[in-house]
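Report on the structure
What follows is the residue order along each chain.
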Number of protein chains: 2
Amino acid sequence: MDTMGRHVISELWGCNTDKLNDMKFIEETFVNAALNAGAEIREVAFHKFAPHGVSGVVIISESHLTIHSFPEHGYASIDVYTCGDRIDPNVAATYIAEALGADKNESIEVPRGMGPIEVKQKLSAMS
Amino acid sequence: MDTMGRHVISELWGCNTDKLNDMKFIEETFVNAALNAGAEIREVAFHKFAPHGVSGVVIISESHLTIHSFPEHGYASIDVYTCGDRIDPNVAATYIAEALGADKNESIEVPRGMGPIEVKQKLSAMS
């Protein structure tokens, strides 16, 4: 398998607070985001923190999706990393941002497995 | 909990091929890397691919550590993300790079949860 990959890092602000604290909703959203992007799911692990917040990962054949949510700040920290060129990580990242009702989505794309890392800035606002 | 976090992305080249294909070794390495950095482990999920390669995650109270290994290329793609300022993700990232016998370690640090993302380049070679 080629080492080439694309890693989208999304900082989501102004998300729906209830959704950010709903582990079942987040887990379903992440599984659906992976499937919508055409990924093959291998492992799913989520954890609910007290008093609030959810962390979790979906490991896919093509790498991973992760979240750490901070309901009290309306903030979710998202990573979508896909190896190869068959899948566009932005499809999953956008699906997640919309599902969580993010007002603001600050994202960068980091190329992986291609030598020295050169980050692409791509600031985008959502309404 | 504050949203502030530090995310180290490490591209490890010239790693030990056998170690990159040894799921048990990688899982132990990641658990120890997290503990050495002072993190609290919440979930551990690793997956071995056929014919080769390992993907996995350790979810910690302070965020996560992930790996995707490509033994046939001597390459491992590492993320160590820690929330708060109590833990230094570089401690875990360096531990992992050394354990995998990486000849070359190209890393960047991405600040998380602090508004627009400004990446710090920090190219480092290991011997």
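Before going into details, it helps to say that this report is about the structure given with it. (Residues numbered from 1 in each chain as written. Chains lettered and ligands numbered in written order. Predicted model: local features only at pLDDT ≥ 70, side-chain atom pairs only at ≥ 80, totals over all residues. Heavy atoms only, no water.)

1. So, the environment of His7(B)
- Note on placement: His7(B) falls in strand β1 (residues 5-13).
- When its relative accessible area of 0% is taken as the criterion, His7(B) is described as buried.
- For the pair His7(B) and Ile41(B), spaced 34 residues apart in the sequence, the C-alpha separation amounts to 17 Å.
- Dropping the residues within four chain positions of it, His7(B) is found in contact with His7(A), Ile9(A), Asp79(A), Asp79(B), Val80(B), Tyr81(B), Ile108(B), Glu109(B), Val110(B) and Arg112(B). (Helix = DSSP H or I, 4+ residues; strand = E, 2+ residues; numbered from the N terminus. Buried < 20%, exposed > 50% of the residue type's maximum accessible area, 1.4 Å probe, protein only. Contact = heavy atoms within 4.5 Å.)

2. Considering the interface of chain B and chain A
- Facing 46 residues of chain B, the contacting portion of chain A comprises 46 residues.
- Approximately 3,500 Å² of surface area, both sides summed, lies buried where chain B meets chain A, with 62% of it carried by carbon and sulfur atoms.
- For the pair chain B and chain A, the number of links is 4 salt bridges.
- Asp79(A) is the salt-bridge partner of Arg112(B), the closest N and O atoms lying 3.1 Å from each other.
- Seen at the junction of chain B and chain A, the total is 20 residue pairs in polar contact (both at pLDDT 80 or more). (Buried area = accessible area lost by both parts, 1.4 Å probe. Salt bridge = Lys/Arg side-chain N within 4 Å of Asp/Glu carboxyl O. Polar contact = N/O pair within 3.5 Å; in protein donor to acceptor, adjacent residues only side chain to side chain.)

3. Details of the relation of the copies chain B and chain A
- After a rotation of 180° and a shift along the axis of 0.0 Å, chain B superposes on chain A with an RMSD of 0.0 Å. Classification of the inter-copy transformation places it as that of a two-fold axis.
- When the interface residues of chain B are mapped onto chain A, 100% of them again lie at the interface, so the same face is used by both copies. (Least-squares fit on C-alpha atoms with pLDDT ≥ 70 in both.)

4. Section: the packing of aromatic side chains
Residues and elements named next belong to chain B.
- A complete count under the given rule lists 6 aromatic pairs over all chains for this structure.
- Taking the centre distance of 6.1 Å and the plane angle of 70° together, the rings of Phe30 and Phe46 count as edge-to-face. Of this pair, Phe30 sits in helix α2 (residues 23-36) while Phe46 sits in strand β2 (residues 41-48); the two residues are 16 residues apart in sequence, bridging distant segments of the chain. Each of the two residues, Phe30 as well as Phe46, counts as buried.
- Cation over ring: Arg112 sits above Tyr81, and NZ or CZ is 4.9 Å from the ring centre. (Phe/Tyr/Trp six-rings, centres within 6.5 Å; stacked < 30°, edge-to-face > 60°. Lys NZ or Arg CZ within 6 Å of the ring centre and 35° of its normal.)

5. Comments concerning unusual backbone geometry
Residues and elements named next belong to chain A.
- Geometrically, the link from Ala50 to Pro51 is a cis peptide bond, its omega value of 0° lying close to zero.
- Assignment of secondary structure puts Pro51 in the loop between β2 (41-48) and β3 (54-60).
- Although it is not a glycine, Ser63 adopts a positive phi angle of roughly 130°.
- For Ser63, the location among the structural elements is in strand β4 (residues 63-70).

6. Notes on the pattern of salt bridges
Residues and elements named next belong to chain A.
- Overall, the coordinates contain 16 salt bridges over all chains when judged by the stated rule.
- With a shortest N-O distance of 3.1 Å, Lys24 and Glu28 are connected by a salt bridge. Here the residue Lys24 and the residue Glu28 both occupy positions in helix α2 (residues 23-36), the gap between them amounting to 4 residues, near one helical turn.
- Across the pair Lys104 and Glu106 runs a salt bridge, and its minimum N-O distance is 3.4 Å.

7. Examining the side chain of Arg112(B)
- In this structure, Arg112(B) sits in strand β6 (residues 104-112).
- Exposure remark for Arg112(B): the relative accessible area of 0% places this residue in the buried category.

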